[in-house]
Amino acid sequence: MTALMPGMLRLRVPGKLMLAGEYAVLEPHQPALVVAVDRYVEAVLARAEAFTVSLPGYDMMAVGFEPGPGGLAFASDDPRLRFVGEALAVALAAVGRPVPPFSLTLHSGLDDAQGRKFGLGGSAAAVVAVVAAVLNAFEGPAAPMRVFKAAAVAHLRAQGGGSGADVAAATFGGWLRYASFNPTWLAGRLARGGPLAELLAEAWPFLSVERLSPLPRDLRLCVGWTGEPASTQALLPRVAEVRTRAPQAYEDFLGASRAAVEHLTAGLQSANRFRALDALRRNGAALRRLGEVAAVPIVTPALQRLIDAAEEAGGAGKSSGAGGGDCGVALVFGEVEALRLEAAWLAAGIVPLRLGTSDAGVAVTELAP
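Residues numbered from 1 in each chain as written. Predicted model: local features only at pLDDT ≥ 70, side-chain atom pairs only at ≥ 80, totals over all residues. Heavy atoms only, no water.

### Overview of the nonpolar core
Proteins that are soluble and globular tend to have nonpolar side chains buried together. By size, the foremost hydrophobic cluster in this structure holds 101 residues, and its most contacted members are L19, F102, L264 and L331. With 14 residues, helix α2 (residues 122-139) is the single largest residue contributor to this core. Residue contacts for L264: discarding those within four places in its chain leaves L19, A20, L33, A276, A279, L280 and L331. A246, A294, I298 and A310 belong to the second-largest nonpolar core, a separate cluster that totals 31 residues. (Core = buried A, V, L, I, M, F, W, Y, C linked by side-chain atoms within 4.5 Å. Buried < 20%, exposed > 50% of the residue type's maximum accessible area, 1.4 Å probe, protein only. Helix = DSSP H or I, 4+ residues; strand = E, 2+ residues; numbered from the N terminus. Contact = heavy atoms within 4.5 Å.)

### Re the side chain of D166
Considering the arrangement of structural elements, one finds D166 in helix α4 (residues 165-172). Buried within the structure, D166 lacks any salt-bridge partner; K16 is the closest side chain of opposite charge, at an N-O distance of 5.3 Å. Residues in contact with D166, not counting those within four places in the same chain, are K16, A124 and H155. (Lys, Arg positive; Asp, Glu negative; His and termini not counted. Salt bridge = Lys/Arg side-chain N within 4 Å of Asp/Glu carboxyl O.)

### Details of the state of the cysteines
Per the counting criterion, the structure on display carries zero disulfides. Cysteine C222 shares no disulfide, and the gap to the nearest cysteine sulfur, in C327, comes to 12 Å. (Disulfide = S-S within 2.5 Å.)

### Considering the sheet that holds strand β9 (residues 219-225)
Strand order across the open sheet formed by four strands is β10-β11-β9-β12, with antiparallel pairing between neighbours. Of all the strands in the sheet, the pair left with one neighbour each is β10 (316-319) and β12 (351-353). Between one strand and the next, the sheet's axes are offset by a mean angle of 30 degrees, whatever the strand orientation. For β9 and strand β11 (residues 327-333), the ladder comprises seven bridges, and the chain directions are antiparallel. Across the sheet, V223 pairs through a bridge with V329, a residue of β11. Against the sheet, helix α11 (residues 301-312) contacts β9, β10 and β11, and its axis sits at roughly 165 degrees relative to β10. (Pairing = 2+ DSSP bridges. Axes fitted to C-alpha atoms, helices over the stretch in contact; angles between N-to-C directions.)

### Thoughts on helix α10 (residues 273-294)
The end-to-end C-alpha distance of α10 is 32 Å, a good match for the 32 Å that 22 residues give at a rise of 1.5 Å each. Of the surrounding elements, those touching the buried residues of α10 are β1 (8-20), α7 (232-240), α8 (242-245), α9 (247-269), β10 and β11. Just downstream of α10, A295 is the residue with a positive phi angle, here 60 degrees. (Expected span 1.5 Å × (residues − 1).)

### Re the packing of aromatic side chains
Counting across every chain of the model gives 12 aromatic pairs. Feature note: the residues F148, F172, Y178, F181, W185 and W204 constitute an aromatic cluster, connected by ring pairs. Note that R12 overlies the ring of Y40, its terminal NZ or CZ placed 3.9 Å from the centroid. (Phe/Tyr/Trp six-rings, centres within 6.5 Å; stacked < 30°, edge-to-face > 60°. Lys NZ or Arg CZ within 6 Å of the ring centre and 35° of its normal.)

### Topic: helix α1 (residues 82-95)
One turn of an α-helix holds 3.6 residues; hence residues three or four places apart share an orientation. In this model, α1 (14 residues) spans 20 Å end to end at C-alpha, consistent with the 20 Å of a helix rising 1.5 Å per residue. With respect to burial, α1 is a largely interior element, 10 of its 14 residues being buried. Within the sequence span of α1, burial applies to F83, V84, G85, A87, L88, V90, A91, L92, A94 and V95. Immediately downstream of α1, the backbone of G96 shows phi near 80 degrees, a positive value.

### Here's the deal with the side chain of T52
Its location among the elements puts T52 in strand β3 (residues 52-55). Beyond its immediate sequence surroundings of up to four residues, T52 is in contact with A62, V63, G64, F65, F102, S103 and L104.

### Considerations on the pairing of β9
Among the seven residues of β9, six are classified as buried, and the element is accordingly described as predominantly covered. In this sheet, β12 lies alongside β9 in antiparallel orientation, the contact comprising three bridges. When the bridges of β12 are listed, G224 appears paired with P352.

### Some details on the packing of α11 against helix α12 (residues 335-347)
Think of two packed helices as two axes; the pair is described by the angle between the axes and how far apart they sit. The N-to-C vectors of α11 and α12 enclose an angle of 145 degrees; their axes lie 9 Å apart at closest approach. The handedness of the crossing between α11 and α12 comes out as right-handed. Between α11, through L306, A309 and A310, and α12, the contact on the second element is made entirely by L341, A344 and W345. Residues that form the contact of α11 with α12 fall into these classes: six nonpolar, no polar and no charged. (Left-handed = near helix turned anticlockwise from the far one by under 90°. Nonpolar A, V, L, I, M, F, W, Y, C, P; charged D, E, K, R; others polar.)

Rendered as structure tokens:
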């Protein structure tokens, strides 16, 4: 196939919020619910005289790079290029042939105007945006699963771990029931070597991506920001130690998480609000117990205020993602209840984020010949 190389291609991918199944989703056959949100990372790829990457949010403009058999060689050793560099390397390897020079610019709308981060999966969305831009430019319309797998490989190489749930949300959009390919399996598969094309084409064990639809019409997903930044990479090792230090407690957590996710899925798809809210509470309680065993604050005092306010408003809330700060989520049924919850959060020092869901994942918004 000859290089398509449009004059300019513009696309966007959504950020994410974890609704249920955190931590457990790192294990085989453990489901999670993840939601794509309507804040986006945009990628613009255009013909150019030389290969360059621009990250305006980091004041990095037109950083040169050269593709080669051993990967990419950047003109800068700035560590903030790590995720973009891995995404470019994997995407170009997936294309599998030389391509003409292009410029690539990434714009992130996942943070606010003051640069505050809300834990919406920025690195994963950036990786998906880069991979999707390159594949769409040089292969034509890219199959979502191909984009997902290539982005998952790049994200794992850059981060060293992770379930891929945030990559799935950015790629497919919507409300997803997701079970991970298992990062340990993928790391081992990569260590064995072999052509990338074979890895992208084969079935990945454990992996499952299912869209939840339809959802109850009066369902409202509410998101509150605690004002406290959280470090997923600092929490993960402490939680991982529970597997060997307290194996029974860990197995109990996995069982409780799986049951909560399955009941939440069933409650949402049958419009059974009582079952859905109870399941969300159960998953939150399982995460709180896991944090206690691991001696890490998955549910901080601010997140507990967020949860208490959700209960008072007739809904249910929990931490989102790794916890320890950042955002919490709540489900309520009805617009009046959602407004009541927002007011209660403000009174408790929680900032309501006006986030909707994004039904679309990767979306090409402009294509110029």
